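Take a look at the letters that make up each chain.
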Amino acid sequence: MMFRNLMLVTCIAAQLCGNAQEAFTDTSFWQEYHDAYFVGDTDSVNAVRSIAVDDHSNIFIATAGGAFVKRQNAREWIPLLPNEESGPAYAVAKDNAGNIWISTWKSLFFYSGNHLQKIEGIEAPISVLCVAAEGMYAIGPDGIWVIADNKPRRLEYVLPASVRNAVSDGKGGIWIASDAGLYHASKSGSKKYTATNGLLSAALKDACFDDQNNIWAGGLGGINILAGEKVSRKITPAEGCPSIFVNAIERSVDGTMWVGTRTGVVRYYPN
């Protein structure tokens, strides 16, 4: 009976509109949807801090409850760390060879070919990993190391303990975002940038290069854009930034800059 009523309504609608085919023509469109991949039953393992994707589309995450991997086309998350190393993880990163690095409260690990190797000679915790041509930088409150061929070398840079993120300058040095300012560290030493150098504030969360080789540093106040070593532009809520609290910045392959804030995400095109 319900099907017959539906057919009757359809016929009446067709008569009212003249040609039913023209009146109800639809077009294809992309529909975004939310599909949650829960890690586990506790808040700590679901508190994701860092994400990395390897060359086989396997997803690696660092969470407050450990480090996990989700294989391609799978839904379950598999713990990566042995029981004696369990605890909070802070960062995961893919190096230039496609290998995955994992930093935790206790150790630094190298993951390649389904084999997990602990890197000795690092003082944990390691909170930030930075990929560079010269190796993998591992940064924590007790120092900074660069690892090449799985051998760590400590660098004597003068840096704060509150490092939040870092990016390679492509010339053997790195830019570091911290709660105490923006630092550029290289063989010639380290230089500090704060509000006295024109930044919105010294409390920074992330740094990233745009396709013009300008450094974007985001944190409290908004975004600071440095051309060379000078602030050339600032982006605050007055210029369209959703919040004065910027947490993350990333450049896409087309040069678009994506900015994550406490109240949403905004993207800035190269133009």
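Residues numbered from 1 in each chain as written. Predicted model: local features only at pLDDT ≥ 70, side-chain atom pairs only at ≥ 80, totals over all residues. Heavy atoms only, no water.

1. What to know about the overall build of the chain
Move 1: On a plain count of helices and strands, the chain comes out with three helices and 23 strands.
Move 2: Taken against the 2.2 N^0.38 rule, which gives 18 Å for 271 residues, the C-alpha radius of gyration of the chain at 24 Å runs more than 25% over that of a compact globule.
Move 3: Viewed in the frame of its principal axes, the chain has a C-alpha envelope of about 80 × 50 × 30 Å.
Move 4: Taken across its 271 residues, the chain has 42% of its residues classed as buried.
Move 5: If you take every contact in the chain between residues at least 6 apart in sequence, the share linking residues at least 24 apart comes to 36%.
Move 6: With the model as given, the accessible surface of the chain reaches about 15600 Å², and the carbon-plus-sulfur share is 52%.
Move 7: Of the side chains in the chain, 23 bear a positive and 27 a negative charge, and the two mean positions are spaced by 5 Å. (Helix = DSSP H or I, 4+ residues; strand = E, 2+ residues; numbered from the N terminus. Rg over C-alpha atoms; globule rule 2.2 N^0.38 Å. Buried < 20%, exposed > 50% of the residue type's maximum accessible area, 1.4 Å probe, protein only. Contact = heavy atoms within 4.5 Å. Areas by Shrake-Rupley, 256 points an atom, 1.4 Å probe, with all protein chains shown as cover. Lys, Arg positive; Asp, Glu negative; His and termini not counted. Charge placed at Lys NZ, Arg CZ, Asp CG, Glu CD.)

2. What to know about the pairing of strand 7 (residues 108-112)
Move 1: Of all the five residues making up strand 7, four are buried; the element is thus mostly covered by neighbouring parts of the structure.
Move 2: Where strand 6 (residues 100-104) meets strand 7, four bridges bridge the pair, whose relative direction is antiparallel. Its bridge partner lying in strand 7, Ser103 is registered against Leu108.
Move 3: Counting the residues between successive antiparallel strands, the hairpin from strand 6 to strand 7 contains three residues. (Pairing = 2+ DSSP bridges.)

3. Regarding the sheet that holds strand 1 (residues 48-53)
Move 1: Pairing within the open sheet is antiparallel, and its four strands lie in the order 1-2-3-4. Strands with a single pairing partner mark the edges of an open sheet, and in this sheet they are strand 1 and strand 4 (78-79).

4. Let's talk about the environment of Gly65
Move 1: Position of Gly65 relative to the elements: it lies in the loop between strand 2 (59-63) and strand 3 (66-70).
Move 2: For Gly65, a relative accessible area of 27% translates into the label partly exposed.
Move 3: Each C-alpha atom of the pair Gly65 and Pro88 lies 4.9 Å from the other, and the pair is 23 residues apart in sequence.
Move 4: Those residues in contact with Gly65 that lie beyond four places of it in its chain are Ser44, Val45 and Gly87.

5. Re the nonpolar core
Move 1: Within the largest apolar cluster, 15 residues are counted, with the highest numbers of intra-cluster contacts made by Tyr137, Ile139, Ile144, Leu155, Ala166, Ile174 and Ile176.
Move 2: Looking at this core, the elements with two or more residues in it are strand 9 (128-132), strand 10 (135-140), strand 11 (143-148), strand 13 (163-168), strand 14 (174-178) and strand 15 (181-186).
Move 3: Ranked by the residues each element gives to this core, the list is headed by strand 9, at three residues.
Move 4: Apart from residues lying up to four places away in sequence, Ile144 is in contact with Tyr137, Ala138, Ile139, Arg153, Arg154, Leu155, Tyr157, Leu159 and Ile174. (Core = buried A, V, L, I, M, F, W, Y, C linked by side-chain atoms within 4.5 Å.)

6. Remarks on the packing of aromatic side chains
The geometry of an aromatic ring pair is captured by the separation of the ring centres together with the interplanar angle, meaning the angle of the planes.
Move 1: Summed over the entire model, instances satisfying the criterion amount to four aromatic pairs.
Move 2: Aromatic pair Trp175 and Tyr193: ring centres 5.6 Å apart, planes at 35°, arrangement tilted. Of this pair, Trp175 sits in strand 14 while Tyr193 sits in strand 16 (residues 189-193), and the two are 18 residues apart along the sequence.
Move 3: The class of Tyr193 is buried, set by a relative accessible area of 2%.
Move 4: Here the aromatic rings of Trp216 and Tyr268 are separated by 6.1 Å at their centres, their planes lie at 55°, and the arrangement is tilted. With Trp216 in strand 18 (residues 215-219) and Tyr268 in strand 23 (residues 264-268), the pair connects residues that are 52 residues apart, well separated along the chain. Taken as a pair, Trp216 and Tyr268 share a single burial class, namely buried. (Phe/Tyr/Trp six-rings, centres within 6.5 Å; stacked < 30°, edge-to-face > 60°.)

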